Amino acid sequence: FGTHVPNFAPFTFIENDRVVVQPTEKYEYDPNEGTVMPQGFAGSPIAPGWKFDEILPEITNRAVDYIHQNAKNEEPFFLFFSMTSPHEPVVPSKRFKGKSGINDIADFVMETDWSAGKVIEAVDKTGIAEDTIVIFTADNGHSHYTGLQELLDAGHKPSGEFRGHKSNVWEGGHRVPYLVRWPGKVDAGSENHQILSLNDTFALCADILKKRLPTDAAEDSLSFLPQLLGKKKKPTRNHVVSQSTGGEFGYQEGPWKIVYLNQGGTLSEARGQPTIVELYNLDRDVAETTNVAKDNPEIVQRLTRNLDKVISRGTSRKGRPQSNDTLVDFKRTQTERWGPAL
């Protein structure tokens, strides 16, 4: 149950691959309804009585009900709860509107906290906490267009000390919390600062279930179960590949992060042009303020060679190479928005 993307038409709920209420009316744009409303979809199909600020409460209640229903059974169950907050449209419900005293996005973040709290509360109230793994994470850093400056003026830094925000290749765009609650397995309050990718969640779940992944599945997913349980200190993953919405690649290995930036101007002007190489030491400069590529040519060469190897193999895992969907060249800005399929 859910909505495919909260800011894309058609605006309606979908349950078990079926539209719940047919979107027979047309969306009318109202700038006062929230922040970053989907103005470009004015006139698009919308379900009668659809309210953007009621999406998060509805899917939260559905998730809570799902937990209560399945907790009665002996069989294990799985819940993937994809919150629509604090993604745009930023529409806190009436009980949270104005609660932060800052702006809509701050209110919406507070409502996100409430939503996560209700889900965890359901796990606790149904008595399954000791047998339940809860993972809470996010897909990207904060956006720059949903009220960022007001947050900064209020003393709140969504990206912390990191450079950048959602959509770019800097740490502020990609580095997010990954929280795991697993009573009796993961020590409460423990921390691990090793490299991790959201891709690794798939292999982690397979490992927990003692299922072996086929070589052609989840080609960039590496289980970190031994590290999670505190049984192994050496990291499973020694690198991570990132990319901006403009196609710029980033590659981190240990403390070193190399980026291949588009040349100045617009993306259209950069297409087909060589990328600009910069290097950062995240141990010494996590804010990515100082490009040290000129001082470390051998590290630039090594990281470039290793990224090229990961791409050419089509996988981050050991075993036989996999195939990519399209040609990948991080040394030059791609000429099309979508590369032709191989």
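Above this text sits the structure in question.
This write-up is about the structure you can find in this document.

Procedures and definitions
- Residues numbered from 1 in each chain as written.
- Predicted model: local features only at pLDDT ≥ 70, side-chain atom pairs only at ≥ 80, totals over all residues.
- Heavy atoms only, no water.
- Core = buried A, V, L, I, M, F, W, Y, C linked by side-chain atoms within 4.5 Å.
- Buried < 20%, exposed > 50% of the residue type's maximum accessible area, 1.4 Å probe, protein only.
- Helix = DSSP H or I, 4+ residues; strand = E, 2+ residues; numbered from the N terminus.
- Phe/Tyr/Trp six-rings, centres within 6.5 Å; stacked < 30°, edge-to-face > 60°.
- Lys NZ or Arg CZ within 6 Å of the ring centre and 35° of its normal.
- Pairing = 2+ DSSP bridges.
- Axes fitted to C-alpha atoms, helices over the stretch in contact; angles between N-to-C directions.
- Contact = heavy atoms within 4.5 Å.
- 1 Å grid on protein atoms, 1.4 Å probe; cavity = no way out; pocket = protein on both sides within 12 Å on 5 of 7 lines; lining within 4 Å.
- Points joined across faces, edges and corners; volume = space filled by probe spheres on them.
- Nonpolar A, V, L, I, M, F, W, Y, C, P; charged D, E, K, R; others polar.
- Arc of directions from axis to C-beta.
- Patch = residues over 30% accessible without salt bridge, like charges linked within 9 Å, V, L, I, M, F, W, Y side chains within 5 Å.
- Areas by Shrake-Rupley, 256 points an atom, 1.4 Å probe, with all protein chains shown as cover.
- Salt bridge = Lys/Arg side-chain N within 4 Å of Asp/Glu carboxyl O.
- Expected span 1.5 Å × (residues − 1).
- Polar contact = N/O pair within 3.5 Å; in protein donor to acceptor, adjacent residues only side chain to side chain.

**A look at the nonpolar core**
Phase 1: In this structure, F11, Y27, W50 and F52 are the most contacted members of the largest nonpolar core, which totals 20 residues.
Phase 2: For this core, the secondary-structure elements that each account for two or more residues are helix 1 (55–70) and helix 2 (104–125).
Phase 3: Per-element tally for this core: the top contributor is helix 2, with four residues.
Phase 4: In terms of nonpolar packing, the next biggest core, distinct from the first, is built from 15 residues, W256, I258, Y260 and L307 among them.

**Observations concerning the packing of aromatic side chains**
Phase 1: One pass over the structure, following the stated rule, counts 13 aromatic pairs.
Phase 2: Between Y27 and F52, the ring centres sit 5.6 Å apart and the planes meet at 75 degrees, which makes this aromatic pair edge-to-face. Taken as a pair, Y27 in the loop between strand 3 (25–26) and strand 4 (45–46) and F52 in the loop between strand 4 and helix 1 lie far apart in primary sequence, 25 residues in all. As far as the burial class goes, Y27 and F52 line up, both buried.
Phase 3: Pairwise contacts between aromatic rings join F8, F11, Y27, F41 and F52 into one cluster.
Phase 4: Geometry around F1 places R62 over its ring, the cationic atom sitting 3.8 Å from the centre.
Phase 5: Sitting over the face of the ring of W170, R163 holds its NZ or CZ atom 3.6 Å from the ring centroid.

**Considerations on the sheet that holds strand 8 (residues 249–253)**
Phase 1: Taken together, the four strands give an open sheet; going across it, the order is 7-8-9-10, and neighbouring strands pair in antiparallel fashion. What marks the edges here is a single partner per strand, and that holds for strand 7 (240–243) and strand 10 (276–281). Each neighbouring strand pair of the sheet contributes to a mean axis angle of 20 degrees, computed without reference to strand direction.

**So, unusual backbone geometry**
Phase 1: Here A9 and P10 are connected by a cis peptide whose omega angle stands at 0 degrees.
Phase 2: If you trace the backbone, P10 turns up in the segment before strand 1 (14–15).
Phase 3: Following S85, the chain continues to P86 via a peptide bond in cis, the omega torsion being -5 degrees.
Phase 4: For P86, the position within the fold is in the loop between helix 1 and helix 2.

**Brief notes about the environment of Y66**
Phase 1: Looking at the secondary structure, you find Y66 in helix 1.
Phase 2: Those residues within four positions of Y66 in sequence are excluded, and the remaining contacts are F77, F78 and L79.

**A few points about the layout of surface pockets**
Phase 1: Empty space within the second largest pocket amounts to approximately 650 Å³.
Phase 2: Elements represented by at least two residues in the lining of the second largest pocket include exactly helix 5 (200–208), strand 8 and helix 8 (297–313).
Phase 3: If you tally residues by element for the lining of the second largest pocket, the top one is helix 8, at four residues.
Phase 4: Counted by class, the lining of the second largest pocket contains six nonpolar, eight polar and nine charged residues.

**Structural notes on helix 5**
Phase 1: For helix 5, the full list of buried residues reads D200, A203, L204 and A206. Seen from one end, helix 5 has its buried residues packed into an arc of 165 degrees, which puts them on one side.
Phase 2: For helix 5, the elements touching its buried residues are strand 5 (134–137), strand 6 (178–181) and helix 6 (225–228).
Phase 3: Phi turns positive, to about 60 degrees, at K210, one or two residues after helix 5.

**What to know about the side chain of N306**
Phase 1: Among the structural elements, N306 can be located in helix 8.
Phase 2: For N306, the residues in contact, after removing those within four places along its chain, are Y251 and E253.

**Considerations on a nonpolar patch on the surface**
Phase 1: Together, F1, V20 and V21 give the surface a local cluster of nonpolar side chains, amounting to about 220 Å² of exposed area.
Phase 2: For V21, the position within the fold is in the loop between strand 2 (18–19) and strand 3.

**A look at helix 2**
Phase 1: For helix 2, which comprises 22 residues, the first-to-last C-alpha distance of 31 Å matches the rise-based estimate of 32 Å (1.5 Å per residue) to within 8%.
Phase 2: Directly after helix 2, the chain includes G127, whose backbone phi takes a positive value near 75 degrees.

**Things to note about the environment of E288**
Phase 1: Its place among the elements puts E288 in the loop between strand 10 and helix 8.
Phase 2: In this structure the C-alpha to C-alpha distance between E288 and E75, which are 213 residues apart in sequence, comes to 48 Å.
Phase 3: Beyond its immediate sequence surroundings of up to four residues, E288 is in contact with R163, W170, E171, K257, Y280 and L282.
Phase 4: At a separation of 2.9 Å, a polar atom in the side chain of E288 contacts the main-chain amide nitrogen of E171.

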